[in-house]
Amino acid sequence: MSRLKRNTTQRNGKKVFGSYRLEINLSTGKEKITLKGITNKRVAKQIQRKVDIVEEKSKLFPNDNDWLKETYIACGRKI
């Protein structure tokens with residue numbers, strides 16, 4: 001299962017929330033992908049569900065595809 005977290009930064013001593021990021025455990029190792037411009041949790045959860053499917057396939061069939069590339073496609077981004 002991938003984890004969904006929110007990027008944060010400090011500005012003038014206050015915590016400011018940014019875009020969401022996914023922490024994914026693929027068969028090749030751990031990856032962190034920032035969902036640029038996604039600040040809505042509902043949309044981020046939809047993307048996370050798609051990535052979870054790719055993550056399961058990568059563990060079942062580790063040598064089939066380039067799973068990092070497939071993950072970026074599921075996130076709606078191109079490498």
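Because the structure is predicted, anything quoted here is derived from the model rather than measured.

Remarks on the side chain of S19
Next, step 1: Within the secondary structure layout, S19 lies in strand β2 (residues 14–26).
Next, step 2: Look past the residues within four positions of S19 in its chain and what remains in contact with it is K5, R6, N7, T34, L35, K36, G37, I38 and T39.

Considering the pairing of strand β3 (residues 29–35)
Next, step 1: Examined bridge by bridge, β2 and β3 share seven bridges and lie antiparallel to one another. The residue of β3 that forms the bridge with L26 is G29.
Next, step 2: Remark: two residues form the turn of the hairpin made by β2 and β3, two consecutive strands paired antiparallel.

Concerning the sheet that holds strand β1 (residues 3–11)
Next, step 1: Read from one edge to the other, the open sheet built from three strands follows the order β1-β2-β3, with strand pairing classed as antiparallel. Each having just a single partner strand, β1 and β3 make up the two edges of the open sheet. Within the sheet, the average angular offset between the axes of one strand and its neighbour, ignoring direction, is 35°.
Next, step 2: Packed on one face of the sheet, helix α1 (residues 41–60) meets β1, β2 and β3 and runs near 20° to β2.

Some words on the packing of α1 against helix α2 (residues 67–75)
Next, step 1: Contact geometry of α1 with α2 gives a least axis separation of 9 Å together with a crossing angle of 160°. Between α1 and α2, the crossing angle belongs to the class labelled roughly antiparallel. Taken as a pair, α1 and α2 cross one another with a handedness that is right-handed. Residues I47, K50, V51, V54, K57 and S58 of α1 pack against W67, E70, T71, A74 and C75 of α2.
Next, step 2: Residues belonging to the contact of α1 with α2 are distributed by class as follows: six nonpolar, two polar and three charged.

Side note on the pattern of salt bridges
Next, step 1: Taken as a whole, this structure holds four salt bridges when the rule is applied.
Next, step 2: In this structure, E23 engages R3 in a salt bridge whose closest nitrogen and oxygen atoms are separated by 3.2 Å. Pair noted here: E23 is in strand β2 and R3 is in strand β1, with a separation of 20 residues, a long-range link.
Next, step 3: On the basis of relative accessible area, R3 is assigned to the partly exposed category, the value being 45%.
Next, step 4: The salt bridge involving E23 is made with R21; its shortest N-O contact spans 3.2 Å. Judged on exposure class, the residue E23 and its partner R21 are both buried.
Next, step 5: Taken together, the shared-partner salt bridges connect R3, K5, R21 and E23 into one network.

About the criteria used
- Residues numbered from 1 in each chain as written.
- Predicted model: local features only at pLDDT ≥ 70, side-chain atom pairs only at ≥ 80, totals over all residues.
- Heavy atoms only, no water.
- Helix = DSSP H or I, 4+ residues; strand = E, 2+ residues; numbered from the N terminus.
- Contact = heavy atoms within 4.5 Å.
- Pairing = 2+ DSSP bridges.
- Axes fitted to C-alpha atoms, helices over the stretch in contact; angles between N-to-C directions.
- Parallel < 35°, antiparallel > 145°, perpendicular 65-115°, else oblique.
- Left-handed = near helix turned anticlockwise from the far one by under 90°.
- Nonpolar A, V, L, I, M, F, W, Y, C, P; charged D, E, K, R; others polar.
- Salt bridge = Lys/Arg side-chain N within 4 Å of Asp/Glu carboxyl O.
- Buried < 20%, exposed > 50% of the residue type's maximum accessible area, 1.4 Å probe, protein only.

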